[in-house]
Protein chains: 2
Amino acid sequence: MRTTQYMLSTLKEKPSSADTISHQLMLRAGMIRQLASGLYTWLPTGLRVVQKITRLVREEMQRIGFLEVSMPIIQPASLWQESGRWEQYGSELLKLVDRNGRSFVVGPTHEEVITDLIRNEVTSYKQLPIKLFQIHTKFRDEIRPRFGVIRSREFLMKDGYSFHETQESLQETYAVMYSAYRNILKKMDLNFCIVEADTGSIGGCISHEFQVLAESGDNDIAYSTESTYAANLEIAEALPPSNARQLGSQIKTQFLTQNVTTTQDLVEKFHVPINKIVQTLVVKANTDIADGLVALLVRGDHVLNKIKAERIDIIASPLCFATDQEIRRYCQAGIKSLGPIGLNMPIIADRSVAAMSDFIVGANIDGQYFTGINWERDLPLPRIEDIRNVVEGDMSSDGKGVLLIKRGIEVGHIFQLGTKYSNAMKAIVQSVDGCSKTISMGCYGLGISRLIAAAIEQNHDEHGILWSPVLAPFQVAILPINIQQSFRVRCTAEDLYSQLLAQGIDVILDDRIERPGIMFSDMELIGIPHILVISERNLNNKEIEYKSRVLNQKRMFKISEMILYLKSVLHDAMLHPN
Amino acid sequence: MRTTQYMLSTLKEKPSSADTISHQLMLRAGMIRQLASGLYTWLPTGLRVVQKITRLVREEMQRIGFLEVSMPIIQPASLWQESGRWEQYGSELLKLVDRNGRSFVVGPTHEEVITDLIRNEVTSYKQLPIKLFQIHTKFRDEIRPRFGVIRSREFLMKDGYSFHETQESLQETYAVMYSAYRNILKKMDLNFCIVEADTGSIGGCISHEFQVLAESGDNDIAYSTESTYAANLEIAEALPPSNARQLGSQIKTQFLTQNVTTTQDLVEKFHVPINKIVQTLVVKANTDIADGLVALLVRGDHVLNKIKAERIDIIASPLCFATDQEIRRYCQAGIKSLGPIGLNMPIIADRSVAAMSDFIVGANIDGQYFTGINWERDLPLPRIEDIRNVVEGDMSSDGKGVLLIKRGIEVGHIFQLGTKYSNAMKAIVQSVDGCSKTISMGCYGLGISRLIAAAIEQNHDEHGILWSPVLAPFQVAILPINIQQSFRVRCTAEDLYSQLLAQGIDVILDDRIERPGIMFSDMELIGIPHILVISERNLNNKEIEYKSRVLNQKRMFKISEMILYLKSVLHDAMLHPN
């Protein structure tokens with residue numbers, strides 16, 4: 001490619017609208033442009049990266065025996081009603097009505113469509129397992145699209161689905177997919193973490209997320225200092241404290257406060273240690289099981305984990321906090337002064353709370369608290385559950401090491417769905433003994449557009465993007481200096497360009513009449529891994545100046561050696577030529 | 001690929017729902033499945049063909065200097081309001097509202113989005129021309145989706161757009177694109193025709209359609225027996241008759257009929273030649289120019305051309321016929337007995353009508369007609385226009401030869417849009433003299449999914465599809481006979497399979513335990529061009545039975561010669577390996 005026949009669209013200024021470094025750099029490098037909130041056009045440079053990832057992912061899927069299909073983006077509402085997700089999915093599901101008044105959705109995911117396909121095509125266990133994938137556009141009507149293509153509304157995704165006669169067969173394919181995702185992220189030279197995760201609106205019981213590590217990530221990942229254990233903070237288990245509960249030494253005392261509105265106020269104004277305070281949080285009960293409200297007890301320095309709480313049978317899901325007014329129907333106090341003593345509703349204590357002694361709770365009278373409270377002396381031990389976020393220093397749930405926390409961007413998520421969809425949609429086969437059997441199912445998502453942004457969040461410097469060779473829009477840039485004044489520079493550049501193209505190397509020749517500084521900063525911004533500068537001065541020594549973008553090192557090469565060097569360093573990336 | 005690890009999904013029975021041969025064969029060959037009316041899932045065999053066409057089209061677009069981009073499928077309504085097409089496009093435009101109440105469309109085409117991109121990116125003539133394309137999903141809410149993927153609602157399209165400072169530059173690119181489309185269709189071995197066409201809802205003044213010839217096509221194409229002239233029947237010009245109008249010999253006579261309701265009745269009951277009858281058709285006037293109705297005169301054996309009529313200044317567009325009731329406000333007769341004599345509304349005669357003498361017209365009294373009518377004796381000559389469809393035998397409008405008519409499937413359409421969108425959306429550049437100049441624009445569509453169906457309509461036999469080598473889902477099929485009983489057959493098949501794969505040949509090995517007849521009919525149905533049968537009997541002579549699907553010829557090959565032969569015949573198709 002020649003820059004004069006290309007659409008570089010680089011921007012000098014930092015765009016004011018961009019909220020993360022990857023978003024800024026993708027705009028500045030001419031990779032994307034925003035059409036509307038959460039909707040982006042991929043410009044030529046961006047699309048080249050999309051296509052390189054797509055090719056890499058497709059090759060890996062084919063290698064593990066997945067067959068590619070392509071399903072409609074617009075899906076009939078009837079299938080979503082059948083699976084139950086028409087109601088459950090929430091307002092991210094973009095619904096529409098066609099000219100004949102029939103309801104459809106713009107597909108955020110394709111479990112329903114592919115289950116419908118399989119129930120029509122498959123009748124016997126002999127046809128299983130079936131493993132399919134597509135690489136296609138998805139739409140989720142995000143309430144707040146942000147971070148560029150990390151949380152956009154329309155995005156490109158690889159979604160895979162597998163169908164099995166048995167749970168064992170599903171687990172086998174799940175393990176193969178787990179390895180395949182690891183291979184893909186390794187080929188892209190990404191620093192990532194595989195974590196146990198919540199299954200959310202997709203469903204099933206076992207799932208893993210693939211998180212690209214980056215400070216700007218919006219996921220917290222808890223991982224062990226001494227084992228391979230890692231989990232999304234949403235589900236990372238907080239073990240009960242290893243020390244037995246200490247015997248209480250204080251007596252129960254009631255005291256009155258003024259202007260105490262937070263736990264932090266209590267700590268500051270009364271100099272009590274925060275880990276001696278018990279917070280009482282009141283949520284709505286699951287109306288299928290219980291009426292009214294449920295109180296949750298969490299230590300003052302801990303944070304309630306919503307997902308863990310939602311999984312408790314008597315609690316409403318999604319989690320819903322009671323208002324001050326609703327609480328006052330059950331006791332004399334508002335939200336600020338609640339406590340478990342004499343509270344007339346089911347109480348659930350976090351494992352850490354159950355291990356406390358001589359602690360402080362609200363007295364259920366506005367502005368009043370009790371200190372020196374102890375279990376089984378002042379009140380009975382309630383039901384105990386794990387309902388808090390882990391914190392750094394907690395024991396790892398596998399008993400090996402302690403937990404640390406880092407931030408990540410979720411780029412992949414794989415699920416053992418089991419029979420969630422096949423049951424609802426009656427996808428059954430005849431098994432070997434002639435009985436009907438519900439098909440087991442797995443699904444496997446990988447965000448193609450999000451992967452690009454994640455790679456940039458993790459790999460950039462003050463000049464621009466640092467691409468790994470397999471992802472770079474171009475592998476090599478040739479910058480001839482003063483092309484219009486030196487015939488020798490022009491000829492050498494053109495000759496090198498032709499030779500590299502002939503070798504299957506993805507090269508861009510900057511044949512603009514521009515100042516060297518501008519050419520150089522454009523190529524650094526776009527992140528071309530190998531930059532070759534051809535100038536009259538160096539040609540006197542038959543040399544080319546070479547710069548490695550990632551290593552930030554310059555080196556001189558004889559012209560004849562330059563091509564050999566590039567072929568050797570690009571060997572891996574050339575296995576996937578453009 | 002091995003059939004045991006593949007999803008053949010072939011069907012023995014002709015699907016009752018399929019209305020054309022290509023639709024039947026695509027279902028039977030396991031290429032597509034219907035999800036809902038006009039929505040299809042591409043199964044692995046179908047998607048392989050899609051990807052081969054996509055690659056071929058992409059290569060050709062890149063060769064002529066077009067850069068690939070990817071634009072959102074969901075587009076903001078505001079851009080369509082700006083271009084005026086929000087109202088004009090009609091009910092094929094699928095509109096929707098997001099969770100924030102903002103209006104969007106599911107994009108049927110991308111002129112608005114790309115014009116918005118260009119007006120933001122381009123400020124100077126120095127940046128022009130810009131030539132962009134994408135290969136992406138489109139949606140048109142067809143009132144009656146039919147013929148499988150030929151007229152589906154969701155479909156895959158290559159859409160290209162070019163932007164120019166001058167009309168000359170636009171014409172240059174238009175000519176290059178014209179040749180590129182011809183190249184693409186030639187590489188696919190299709191029999192096609194390039195025709196002048198109506199610009200419809202896309203706009204502009206000059207356009208050409210690329211029509212794949214097939215009896216089942218829904219387009220009529222008029223072409224010259226002696227020149228390269230060809231045009232869609234919608235716009236093919238009907239020249240005035242070459243002979244001068246004959247002098248009338250009959251006298252004007254009024255006669256009364258009974259039970260005459262059609263021109264055909266007049267011919268049958270009164271034995272008048274049909275080409276002596278003048279039909280009087282009444283349509284609504286363009287309210288910007290005139291009120292009321294307009295009468296159109298067309299010869300009895302001719303058909304009114306709606307698109308030609310709509311282009312006449314005083315006629316409403318879209319064309320709207322007057323009802324019997326509306327007509328009776330202007331004269332004493334209903335639709336059946338109208339004629340130009342004494343009719344109180346503007347009259348437009350077709351060129352052929354103006355050349356008639358001694359003709360028959362309605363008398364504007366129910367059931368009454370005049371015979372022996374002549375221009376300028378019985379009534380003045382009205383305004384004359386070309387308002388009919390051409391018929392076979394008409395002179396070609398370039399004066400060379402006569403016209404014949406054949407049927408085609410429109411697979412491509414290219415347009416010189418001029419400034420239609422750039423004017424409405426203010427896409428301007430600063431020209432060399434410092435003045436503002438509106439950008440000229442071209443757009444170029446090629447229906448990828450429709451091309452596949454068109455290729456099948458044109459190339460099939462009673463056993464299934466006949467693919468050209470560049471499109472075939474697999475180039476070669478290996479059918480080992482009695483694989484479970486002959487170790488020698490199995491080994492030979494496996495060995496040949498590995499060798500062909502190593503040569504980059506797209507091969508499928510049918511390793512099912514199936515009867516030879518079933519294996520053979522599956523491969524013929526899917527349309528694999530080269531079929532190799534390996535049997536114990538032939539291996540005694542170290543031979544393989546080879547069948548060419550297209551030529552329907554069998555031939556024996558020595559094993560060692562088989563690979564050489566395939567490499568030689570697949571040479572062209574291997575330039576685009578999978």
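- In the annotation of an unreviewed UniProt entry, chain A is listed under the name Proline--tRNA ligase and assigned to Candidatus Erwinia haradaeae.
- Checking UniProt for chain A, the heading Sequence similarities (unreviewed entry) contains the comment "Belongs to the class-II aminoacyl-tRNA synthetase family. ProS type 1 subfamily."

Describing the overall build of chain A
Phase 1 of the analysis: If you tally the helices and strands in chain A, you get 17 helices and 30 strands.
Phase 2 of the analysis: If you line up chain A on its principal axes, its C-alpha atoms span 95 × 70 × 50 Å.
Phase 3 of the analysis: Across the 578 residues that make up chain A, the buried fraction comes to 59%.
Phase 4 of the analysis: When the accessible surface of chain A is totalled, it reaches about 24,100 Å², and 48% of it is carbon and sulfur.

Digging into helix 13 (residues 487-502) of chain B
Residues and elements named next belong to chain B.
Phase 1 of the analysis: Relative to the 22 Å expected for 16 residues at 1.5 Å per residue, helix 13 spans 23 Å between its end C-alpha atoms, a close match to the ideal helical length.
Phase 2 of the analysis: All of the buried residues along helix 13 are Val489, Thr492, Ala493, Leu496, Tyr497 and Leu500. The buried side chains of helix 13 occupy one side of the element, clustering within an arc of 135° when seen end-on. Within helix 13, the exposed residues directed more than 90 degrees away from the buried face are Phe487 and Ala502.
Phase 3 of the analysis: Gly504 lies just past helix 13 and shows a positive phi near 80°.

Considering the environment of Phe359 of chain B
All names here are of chain B.
Phase 1 of the analysis: In this structure, Phe359 sits in strand 17 (residues 359-362).
Phase 2 of the analysis: Taking relative accessible area as the criterion, Phe359 reaches 0% and is therefore assigned buried.
Phase 3 of the analysis: C-alpha separation for the pair Phe359 and Gln250, spaced 109 residues apart in sequence, amounts to 9.1 Å.
Phase 4 of the analysis: Beyond its immediate sequence surroundings of up to four residues, Phe359 is in contact with Lys276, Val278, Phe370, Thr371, Gly372, Ile373, Asn374, Trp375 and Leu379.

Brief notes about the relation of the copies chain A and chain B
Phase 1 of the analysis: Relative to chain B, chain A is turned by 180° and slid 0.0 Å along the rotation axis, the superposed coordinates differing by an RMSD of 0.0 Å. The transformation just described matches what one would write down for a two-fold rotation axis. Relative to the rotation axis, the closest C-alpha in chain A is found at Leu96 of chain A, a distance of 2.8 Å.

As for the sheet that holds strand 29 (residues 543-548) of chain B
Residues and elements named next belong to chain B.
Phase 1 of the analysis: Judged by pairing direction, the sheet is mixed, and its five strands sit side by side in the order 27-26-28-29-30 without closing on themselves. In the strand order of this sheet, the two ends are held by strand 27 (507-509) and strand 30 (553-558), each with one partner. The mean inter-strand angle of the sheet, taken between neighbouring strand axes irrespective of direction, is 25°.
Phase 2 of the analysis: Pairing analysis gives three bridges linking strand 26 (residues 476-480) to strand 27, with the strands arranged parallel. The residue of strand 27 that forms the bridge with Ala477 is Ile508.
Phase 3 of the analysis: Seen against the sheet, helix 13 touches strand 26, strand 27, strand 28 (530-534) and strand 29 and runs at an angle of roughly 165° to strand 26.
Phase 4 of the analysis: Along the sheet, helix 16 (residues 559-569) makes contact with strand 26, strand 28, strand 29 and strand 30, crossing strand 30 at roughly 125°.

Describing the interface of chain A and chain B
Phase 1 of the analysis: Facing 53 residues of chain A, the contacting portion of chain B comprises 52 residues.
Phase 2 of the analysis: Between chain A and chain B lies a buried interface of about 4,200 Å² when both sides are counted; carbon and sulfur atoms form 64% of it.
Phase 3 of the analysis: Its largest share of buried area at the contact with chain B, chain A owes to Leu35, Leu67 and Arg99 of chain A, together 16% of the area lost on that side.
Phase 4 of the analysis: Where chain A packs against chain B, one counts four salt bridges.
Phase 5 of the analysis: In this structure, the salt-bridge partner of Arg33 of chain B is Glu121 of chain A, at a minimum N-O distance of 2.5 Å.
Phase 6 of the analysis: Along the contact surface separating chain A from chain B lie 18 residue pairs in polar contact (both at pLDDT 80 or more).
Phase 7 of the analysis: Here the residues of the side of chain A that touches chain B are counted per class, giving 31 nonpolar, nine polar and 13 charged.

Points about the domain arrangement of chain A
All names here are of chain A.
Phase 1 of the analysis: Per the domain assignment, the segments making up chain A are domain 1 (34-237 + 404-457), domain 2 (253-385) and domain 3 (464-574).
Phase 2 of the analysis: Distance from the C-alpha centre of domain 1 to the C-alpha centre of domain 2: 38 Å.
Phase 3 of the analysis: In this assembly, six residues from domain 1 lie in contact with five residues from domain 2.
Phase 4 of the analysis: Of all residues in domain 1, Asp198, Glu234 and Glu237 bury the most surface against domain 2, accounting for 69% of the area lost on that side.
Phase 5 of the analysis: At the boundary of domain 1 with domain 2, the tally comes to two salt bridges.
Phase 6 of the analysis: As a salt-bridge pair, Arg311 and Asp198 come within 2.9 Å of each other at their nearest N and O atoms.

Some points on the confidence of the model for chain A
Phase 1 of the analysis: Of all residues in chain A, 99% have pLDDT values of 70 or greater, and the mean over the chain is 93.
Phase 2 of the analysis: Predicted as a complex, the structure gets a pTM of 0.92 and an ipTM equal to 0.91.

A word on the packing of aromatic side chains
Residue and element names in this part refer to chain A.
Phase 1 of the analysis: One pass over the structure, following the stated rule, counts 22 aromatic pairs over all chains.
Phase 2 of the analysis: Ring centres of Tyr546 and Phe557 lie 5.6 Å apart, and the angle between their planes is 90°; this geometry places the pair in the edge-to-face category. Linking Tyr546 in strand 29 (residues 543-548) with Phe557 in strand 30 (residues 553-558), this pair joins segments that are 11 residues apart in sequence.
Phase 3 of the analysis: Classification of Tyr546 by relative accessible area gives buried; the value is 3%.

Structural notes on the pairing of strand 30 of chain A
Residue and element names in this part refer to chain A.
Phase 1 of the analysis: In the sheet, strand 29 pairs with strand 30 via six bridges, with the strands oriented antiparallel. What sits directly across from Glu543, in strand 30, is Lys558.
Phase 2 of the analysis: Turn length for the strand 29-strand 30 hairpin, with the two strands adjacent in sequence and antiparallel, is four residues, and the turn residue Asn552 shows positive phi of about 55°.

Thoughts on helix 1 (residues 21-28) of chain B
All names here are of chain B.
Phase 1 of the analysis: The buried count for helix 1 comes to six of eight residues, which makes it a mostly enclosed element.
Phase 2 of the analysis: Residues of helix 1 that are buried in the fold lie against strand 1 (32-36), strand 2 (39-42), helix 12 (448-458), strand 24 (460-461), strand 25 (464-465) and helix 14 (516-526).
Phase 3 of the analysis: Two residues or fewer past helix 1, Gly30 is found with a positive phi of approximately 70°.

Observations regarding the side chain of Ser357 of chain B
Residue and element names in this part refer to chain B.
Phase 1 of the analysis: Topologically, Ser357 is positioned in the loop between helix 10 (351-354) and strand 17.
Phase 2 of the analysis: A distance of 3.3 Å separates a polar atom in the side chain of Ser357 from the backbone oxygen of Gln246.
Phase 3 of the analysis: Among residues more than four places away in sequence, those in contact with Ser357 are Arg245, Gln246, Leu247, Gly248, Lys276, Ile373 and Asn374.

So, how was this worked out
- Residues numbered from 1 in each chain as written.
- Chains lettered and ligands numbered in written order.
- Predicted model: local features only at pLDDT ≥ 70, side-chain atom pairs only at ≥ 80, totals over all residues.
- Heavy atoms only, no water.
- UniProt positions renumbered as here; feature names shortened; annotations may be inferred.
- Helix = DSSP H or I, 4+ residues; strand = E, 2+ residues; numbered from the N terminus.
- Buried < 20%, exposed > 50% of the residue type's maximum accessible area, 1.4 Å probe, protein only.
- Areas by Shrake-Rupley, 256 points an atom, 1.4 Å probe, with all protein chains shown as cover.
- Expected span 1.5 Å × (residues − 1).
- Arc of directions from axis to C-beta.
- Contact = heavy atoms within 4.5 Å.
- Least-squares fit on C-alpha atoms with pLDDT ≥ 70 in both.
- Pairing = 2+ DSSP bridges.
- Axes fitted to C-alpha atoms, helices over the stretch in contact; angles between N-to-C directions.
- Buried area = accessible area lost by both parts, 1.4 Å probe.
- Salt bridge = Lys/Arg side-chain N within 4 Å of Asp/Glu carboxyl O.
- Polar contact = N/O pair within 3.5 Å; in protein donor to acceptor, adjacent residues only side chain to side chain.
- Nonpolar A, V, L, I, M, F, W, Y, C, P; charged D, E, K, R; others polar.
- Domains from an automatic or database assignment.
- pLDDT = per-residue confidence, 0-100.
- Phe/Tyr/Trp six-rings, centres within 6.5 Å; stacked < 30°, edge-to-face > 60°.

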